[in-house]
Amino acid sequence: MKAIVHAGQSGLKGLEYKDMTDKQPGAGEVKVRIKAAGLNHRDLFIMAGRTEQDDPLIMGSDGAGKIEAVGEGVSNHTVGADVIINPCLGWESVDNVPHIPAIVGGPSEGTFAESIIIPAQNAISKPAYLSWEEAGVLPLSALTAYRALFTRGRLQQGEHVLIPGISGGVATYAMMMALAAGARVSVTSRSEAKRQAALAHGANYAFDSNGDWKESMNGKSVDLILDSIGPATFPHYFDIIRPNGRIVTFGASSGDRIEIPVRSIFFPQISIIGTSMGSSEEFADMLQFMERHCLRPIIDRVYPIQETVEAFHRMQQGEQFGNIGIRID
């Protein structure tokens, strides 16, 4: 089978579209013929940390396709069924910290391939209303957004949520989910085009990340902030968050170190909450939420698998609004 494989050097230069050994599912496994997959920043982080000593790795976490074979003992799946891949491996500890999803097919198998073998429990019925491309880009970003908003952020109807740096998959899913839950949504971006795109998709307000945030908000304040940026925007949050507000952080695109004004936390009793990915239970809840509200992923572009490197360049340069997909079959 053909696949996008990372080996030999770090970063995008290590990617190659090549032949890999085709396998059959073992006990408790299914083989999925991938129709479409999605890019995540996680892929870029993994490739950046790999060296020439590492074994070849098929990239990708998101995907959707048809079951083409089932292993021994699998009774809840049939050949030909349409499925979406749940990348989550469940709870890691008694502290209810979700395991950061690994490549679901094992140490060498990801979703940027013509087929993948995964545990049967990771193959979930594809929502019928979604296209292959929409289903293929859904899993990891939508799961991250759902957990950040509802499990960790405890978003309630009528609250005001701010999503800084509206652009990629997680941010656009969070915007749609929050609106569907009856919240007001404000977003920021340095790009006028992205601000206008967010407004076109229902955001209540959008302003320039480089401006004066307090002035831009016209005296309004927010209950919940979803932070994926870190130090470049974090100091602004304390100018616009309400007492007892929550900041949920799940990314650090501008760096890892932040200086926090401690009095700005304890006097207004602000909660700073970490989150990442999600659990299998949250994955099921997320799909139900998407279906109940008929939410569709915002797709920026879809590339054929042979142009995966070009797709990653677009993500790396922050040009997209929404999800970047890969068409495989």
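Refer to the structure printed above.
To start, this report covers the structure provided alongside it. Everything quoted here is computed from the prediction, not taken from an experiment.

Structural notes on the overall build of the protein
Argument step 1. Looking only at helices and strands, the protein features 10 helices and 16 strands.
Argument step 2. Over its C-alpha atoms the protein spans a radius of gyration of 20 Å, differing by no more than 12% from the 20 Å that the globule rule assigns to 329 residues.
Argument step 3. Dimensions along the principal axes, computed over C-alpha positions, put the protein at roughly 60 × 40 × 40 Å.
Argument step 4. Sequence separation of at least 24 residues holds for 70% of the intrachain contacts in the protein that already meet a minimum separation of 6.
Argument step 5. Per element, the accessible surface of the protein, about 14400 Å² overall, is 47% carbon and sulfur.
Argument step 6. Measuring between centres, the 29 positive side-chain charges of the protein sit 5 Å from its 37 negative side-chain charges.

Description of the side chain of Asn122
Argument step 1. If you trace the backbone, Asn122 turns up in the loop between strand 7 (115-119) and strand 8 (123-125).
Argument step 2. Residue Asn122 is classed as buried on the basis of its relative accessible area, which comes to 3%.
Argument step 3. There is a polar contact of 2.5 Å between the side chain of Asn122 and the backbone oxygen of Asn86.

What about unusual backbone geometry?
Argument step 1. Positive phi, close to 70°, is recorded for Asn244, a residue that is not glycine.
Argument step 2. Among the residues examined, Asn244 registers a relative accessible area of 52% and is labelled exposed.
Argument step 3. Unlike most non-glycine residues, Met277 shows phi in positive territory, near 50°.
Argument step 4. By secondary structure assignment, the location of Met277 is in the loop between strand 14 (271-274) and helix 9 (280-292).

Focus on the packing of helix 3 (residues 139-152) against helix 9
Argument step 1. In the contact formed by helix 3 and helix 9, the axes pass within 9 Å of each other and the chain directions differ by 95°. Between helix 3 and helix 9, the angle falls in the class roughly perpendicular. In this structure, helix 3 contributes Pro139, Ala142, Leu143, Tyr146, Arg147, Phe150 and Thr151 to the contact, and helix 9 contributes Glu282, Phe283, Asp285, Met286 and Phe289.
Argument step 2. The residue makeup of the contact of helix 3 with helix 9, split by class, is 8 nonpolar, 1 polar and 3 charged.

Thoughts on the pattern of salt bridges
Argument step 1. Per the stated rule, a full pass over the model turns up 13 salt bridges.
Argument step 2. We note a salt bridge from Arg147 to Glu282, for which the minimum N-O separation is 2.8 Å. A residue pair is termed long-range when its members are at least 10 positions apart, and Arg147 in helix 3 and Glu282 in helix 9 qualify at 135 residues. Pair check on accessibility: Arg147 and Glu282 agree, each one buried.
Argument step 3. As a salt-bridge pair, Glu192 and Arg195 come within 2.5 Å of each other at their nearest N and O atoms. Residue Glu192 and its partner Arg195 are both found in helix 5 (residues 192-200); the two are separated by 3 residues, about one turn of the helix.
Argument step 4. According to the relative accessible area criterion, Glu192 is partly exposed, its value standing at 42%.
Argument step 5. Overall, Arg195 belongs to the buried group, its relative accessible area being 11%.

What counts and what doesn't
Residues numbered from 1 in each chain as written. Predicted model: local features only at pLDDT ≥ 70, side-chain atom pairs only at ≥ 80, totals over all residues. Heavy atoms only, no water. Helix = DSSP H or I, 4+ residues; strand = E, 2+ residues; numbered from the N terminus. Rg over C-alpha atoms; globule rule 2.2 N^0.38 Å. Contact = heavy atoms within 4.5 Å. Areas by Shrake-Rupley, 256 points an atom, 1.4 Å probe, with all protein chains shown as cover. Lys, Arg positive; Asp, Glu negative; His and termini not counted. Charge placed at Lys NZ, Arg CZ, Asp CG, Glu CD. Buried < 20%, exposed > 50% of the residue type's maximum accessible area, 1.4 Å probe, protein only. Polar contact = N/O pair within 3.5 Å; in protein donor to acceptor, adjacent residues only side chain to side chain. Axes fitted to C-alpha atoms, helices over the stretch in contact; angles between N-to-C directions. Parallel < 35°, antiparallel > 145°, perpendicular 65-115°, else oblique. Nonpolar A, V, L, I, M, F, W, Y, C, P; charged D, E, K, R; others polar. Salt bridge = Lys/Arg side-chain N within 4 Å of Asp/Glu carboxyl O.

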